[in-house]
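Chain by chain, the residues:
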Amino acid sequence: MKSRLFVVIIAASMLFVMALYFIVNPSYEKSLRAKYYYEVGEYTEAYNLAKEAFGIDLYNRMAATIMAQSQISLKYVAYIQEAKEYMKSIDAIAKHEQISDVDRAKIKMMCNIMVGSYVKLAPSVVTDKELVQEAAAYHAKFEKLLEKVTQN
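Presented here is an overview of the structure given in this document. Each chain has its residues counted from 1, running along the sequence as written. At least 70 in pLDDT is required for a residue's local features to be given in this predicted model, at least 80 for side-chain atom pairs to be given and counted, and no such filter applies to totals for whole chains, interfaces and linings, which use all residues. Hydrogen atoms and water are omitted, and side-chain values are computed over all heavy atoms in the structure.

Going along the chain from the N terminus, every DSSP run of H or I of four or more residues is numbered as a helix, and every run of E of two or more is numbered as a strand. Here Lys30 lies in helix α2 (residues 26–39). Reaching out from Lys30, the side chain makes a polar contact with the side chain of Glu52 at a distance of 2.8 Å. Excluding anything up to four places from it in sequence, Lys30 contacts Leu49, Glu52, Ala53 and Ile56. Nitrogen and oxygen atoms within 3.5 Å of one another constitute a polar contact, given that in protein one can donate a hydrogen and the other can accept it, and given that sequence-neighbouring residues count only through two side-chain atoms. Contact between two residues is taken to exist if any of their heavy atoms lie within 4.5 Å; hydrogens are not considered.

Okay, here's the thing in structure tokens:
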């Protein structure tokens, strides 16, 4: 009975020391904050904090992972933002009664850019599923639009 209690006390003490190390160590403290920002979708802040943490301790794998994941997520955010801007431009062109060859070429160029950019995106297991799905939806829209523009 005494040996079990001793083992439990030692294990609890070790966990306490490890938790204290994570909280007190500036690199891991920044990593934990970066993880929080990543989870709430603030990828730029997460990337900056993880980069700082990695700069303090090059062996901080948590910081390296969050930094890499934030970069991936930021690429998705940039793709989605660019897709929204191109869709606004395409919608403005589509409101004309007739679409000129120049406008058709603009639409085709925008679609080619977005289809080509999507191929460069590579999600990881922890990439936000909503980001991946939204980017895939825009990609599908641009592929359909490119097909329509190319046919006419």
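Here the focus is the packing of helix α4 (residues 61–94) against helix α5 (residues 101–120). A fitted line through C-alpha atoms serves as each axis, taken over the contacting stretch for helices, and the angle formed by two N-to-C directions is quoted from 0 to 180°. Put simply, α4 and α5 touch, their axes get as near as 11 Å, and they point 165° apart. Relative to α5, the element α4 lies roughly antiparallel. Classified by chirality, the crossing of α5 by α4 is left-handed. Seen from α4, the contacting residues are Tyr79, Glu82, Ala83, Tyr86, Ser89, Ile90 and Ile93; seen from α5, they are Asp103, Lys106, Ile107, Met110, Ile113, Met114, Ser117 and Tyr118. For this classification, the nonpolar set comprises Ala, Val, Leu, Ile, Met, Phe, Trp, Tyr, Cys and Pro, the charged set comprises Asp, Glu, Lys and Arg, and every other residue, Gly included, is treated as polar. Counted by class, the contact of α4 with α5 contains 10 nonpolar, two polar and three charged residues. Each angle gets one of four labels, with under 35 degrees taken as roughly parallel, over 145 as roughly antiparallel, 65 to 115 as roughly perpendicular, and the rest as oblique. Should the near helix be turned anticlockwise from the far one by less than a right angle, the crossing is termed left-handed; should it be turned clockwise, right-handed.

Think of a salt bridge as a Lys or Arg side-chain nitrogen and an Asp or Glu carboxyl oxygen that are within 4 Å of each other. Overall, the coordinates contain four salt bridges when judged by the stated rule. Here Lys84 ties to Glu134 by a salt bridge, and the two come within 3.8 Å at their closest N and O atoms. Taken together, the residues span a long stretch of sequence, with Lys84 in helix α4 and Glu134 in helix α6 (residues 129–151) at a distance of 50 residues. You can call Lys84 partly exposed: its relative accessible area is 34%. Burial classes: relative accessible area under 20% of the type maximum marks a residue as buried, over 50% as exposed, and values in between as partly exposed (1.4 Å probe, protein chains only).

Looking now at a nonpolar patch on the surface. Patch construction takes residues with relative accessible area above 30% that form no salt bridge. Like charges are linked within 9 Å, and nonpolar side chains (Val, Leu, Ile, Met, Phe, Trp, Tyr) are linked within 5 Å. All accessible areas in this document rest on Shrake-Rupley with a 1.4 Å probe, and a residue is counted as covered only by the protein chains that are shown. There is a patch of nonpolar side chains on the surface, built from Phe6, Val7, Ile10 and Met14 and spanning about 410 Å² of accessible area. Mapped onto the elements, Met14 comes out in helix α1 (residues 2–24). The exposed category is assigned to Met14, whose relative accessible area is 52%.

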